[in-house]
Amino acid sequence: MIEVEQLLVRYGDRLAVDGLSFTAQGGQIFGLLGPNGAGKSTTVGCLSGLIRPTSGRVRLGGKDVVTGGAAARAGLGLVPQELALYGELSATANLRFFGKAYGLRGKTLEARVSEVLERVGLGDRDKEPVARFSGGMKRRLNFACGLVHEPTVLLLDEPTVGVDPQSRIKLMDLVREERERGTCVVYTTHYMEEAEALCDELAIVDEGRLLVEGPLEELRRKAGHGDVLRLGGEFPSGGEVDLAATLKARFADCEVLGQEPDALSLSMDNAGGRLAELFQVLEQSGAKIKSTQLTRASLESLFIALTGKELRE
């Protein structure tokens, strides 16, 4: 549904996007993550046709965004980071405006406006001026404006910034609904827990370049981040028993992080799915396991490992 090939955007001497390539499919949420200034919003601008790339190509549904004009963008929905609403107009009037911009008219338009207002939880506030809305209500209406014409590609640039927890949950549910109806969703966010909860595919970019791309589990493996398993009990040491060597011989990716008579800490990929085999090896070596604590490598730790801890502005 989305094809980005060697996308490059230059502002004077600064490269905002530097040879970025990726694809995203229908029925998929594609997460685009990176520090401030990494090129995420510029990439979204190129996908929407608002920014003309210096070089490279962007296709939506097989149509070039630059040369295909309005036809290439007909099935596109955009929810920008900055609110794009008319405060003096009602929620209904805002949705009518954006619906008409995408060619909806008459009963079809009115039906879609009513349907989308109900979906975002604003059906009972449809006649009020948007200026009276809370921040969460405005965010939900901003989202609704990107949905009113039933797009096949939906670009979401930080859609939950500054919202209350209830509105965030509602917006995340709406994103999942779009995936279920077959929409191709591109999702940029600074909230790592949102990306982990929502995205089928993830790309981490920094300084305009793609660092890694793939499902979360694959990204963990590429970055060398295994699960951390802390075991309590009795663990023999010395003599003929070398637990570290025994575990390494059986599990090539297993690393013992610490060993005490009553505790063992180790790191390995997908530890939760290999506990039975792991426990069997330990017990055959004389260990007695009494407690287990599994900590999974988080997207946030992976993000920091790849991009560093420096502040970006």
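This text follows the structure it describes.
A brief report on the enclosed structure follows. Because the structure is predicted, anything quoted here is derived from the model rather than measured.

### Re the overall build of the protein
Check the secondary structure of the protein and you find 11 helices and 14 strands. By its C-alpha atoms, the protein is 85 × 45 × 35 Å across when sized along the principal axes. Across the 313 residues of the protein, 45% fall into the buried class. When the accessible surface of the protein is summed, it comes to about 14,900 Å², and 49% of that surface belongs to carbon and sulfur atoms.

### Concerning the nonpolar core
Nonpolar side chains tend toward joint burial in soluble globular proteins. Ranked by internal contacts, the top residues of the largest apolar core, which has 44 residues, are Leu 141 and Leu 299. A per-element tally of this core places helix H5 (residues 135-147) first, with six residues. Every residue in contact with Leu 299, bar those within four places of it in the chain, is listed here: Leu 33, Met 192, Ala 195, Glu 196, Leu 202, Ile 204 and Leu 216. One finds Leu 7, Val 44, Val 65 and Val 153 within the second-largest nonpolar core, a separate group that totals 24 residues.

### Here we look at the pattern of salt bridges
Side chains that differ in charge, positive against negative, can pair when their charged atoms come close. Under the defined criterion, the tally for this structure stands at 19 salt bridges. Notably, a salt bridge pairs Glu 150 with Arg 112, separated by 4.0 Å at the nearest N-O pair. In this pair, Glu 150 is assigned in the loop between H5 and strand E7 (153-157) and Arg 112 in helix H4 (residues 106-119), connecting sequence segments 38 residues apart. With relative accessibility at 43%, the residue Glu 150 sits in the partly exposed group. Across the salt bridge formed by Arg 125 and Glu 128, the nearest N and O atoms sit 2.5 Å from each other.

### Focus: the sheet that holds strand E4 (residues 55-60)
The strand order across the open sheet built from four strands is E2-E1-E4-E5, with neighbouring strands paired in antiparallel fashion. Looking at the sheet topology across the chains shown, the edges are occupied by strand E2 (14-24) and strand E5 (63-64). Bridging between strand E1 (residues 2-11) and E4 involves five bridges; their strand directions are antiparallel. Pairing of Glu 5 across the sheet is with Arg 57, part of E4. On the sheet, helix H1 (residues 40-48) packs against E1, E2 and E4 and is oriented at approximately 120° with respect to E1.

### Here we look at the packing of helix H3 (residues 91-101) against H5
Packed helix pairs are specified by the crossing angle of their axes together with the interaxial distance, meaning the distance between the axes. H5 packs onto H3 with a crossing angle of 30° between their chain directions and a minimal axis gap of 9 Å. Classified by the angle their axes make, H3 and H5 are roughly parallel. In this structure, H3 crosses over H5, and the sense of that crossing is right-handed. Two secondary-structure elements touch here, H3 through Ala 91, Asn 94, Leu 95 and Phe 98 and H5 through Leu 141, Ala 144 and Cys 145. Across the contact of H3 with H5, the residue classes break down as six nonpolar, one polar and no charged.

### Notes on the pairing of strand E8 (residues 184-188)
For E8, the tally of buried residues reaches five of five residues, placing the bulk of the element in the interior. Residue alternation in E8 divides its side chains into two sets, Cys 184, Val 186 and Thr 188 and Val 185 and Tyr 187, and both sets are buried. Across five bridges, the pairing between strand E3 (residues 28-33) and E8 is parallel. Bridging across to E8, Leu 32 finds its partner in Thr 188. Relative to E8, E7 is paired through five bridges, and the arrangement is parallel. Counterpart to Leu 156 in the pairing with E8 is Tyr 187. Each parallel crossover has a hand, and the one from E7 via helix H6 (residues 165-180) to E8 is right-handed.

Conventions we followed
- Residues numbered from 1 in each chain as written.
- Predicted model: local features only at pLDDT ≥ 70, side-chain atom pairs only at ≥ 80, totals over all residues.
- Heavy atoms only, no water.
- Helix = DSSP H or I, 4+ residues; strand = E, 2+ residues; numbered from the N terminus.
- Buried < 20%, exposed > 50% of the residue type's maximum accessible area, 1.4 Å probe, protein only.
- Areas by Shrake-Rupley, 256 points an atom, 1.4 Å probe, with all protein chains shown as cover.
- Core = buried A, V, L, I, M, F, W, Y, C linked by side-chain atoms within 4.5 Å.
- Contact = heavy atoms within 4.5 Å.
- Salt bridge = Lys/Arg side-chain N within 4 Å of Asp/Glu carboxyl O.
- Pairing = 2+ DSSP bridges.
- Axes fitted to C-alpha atoms, helices over the stretch in contact; angles between N-to-C directions.
- Parallel < 35°, antiparallel > 145°, perpendicular 65-115°, else oblique.
- Left-handed = near helix turned anticlockwise from the far one by under 90°.
- Nonpolar A, V, L, I, M, F, W, Y, C, P; charged D, E, K, R; others polar.
- Right-handed = clockwise from strand over helix to strand, strands pointing away.

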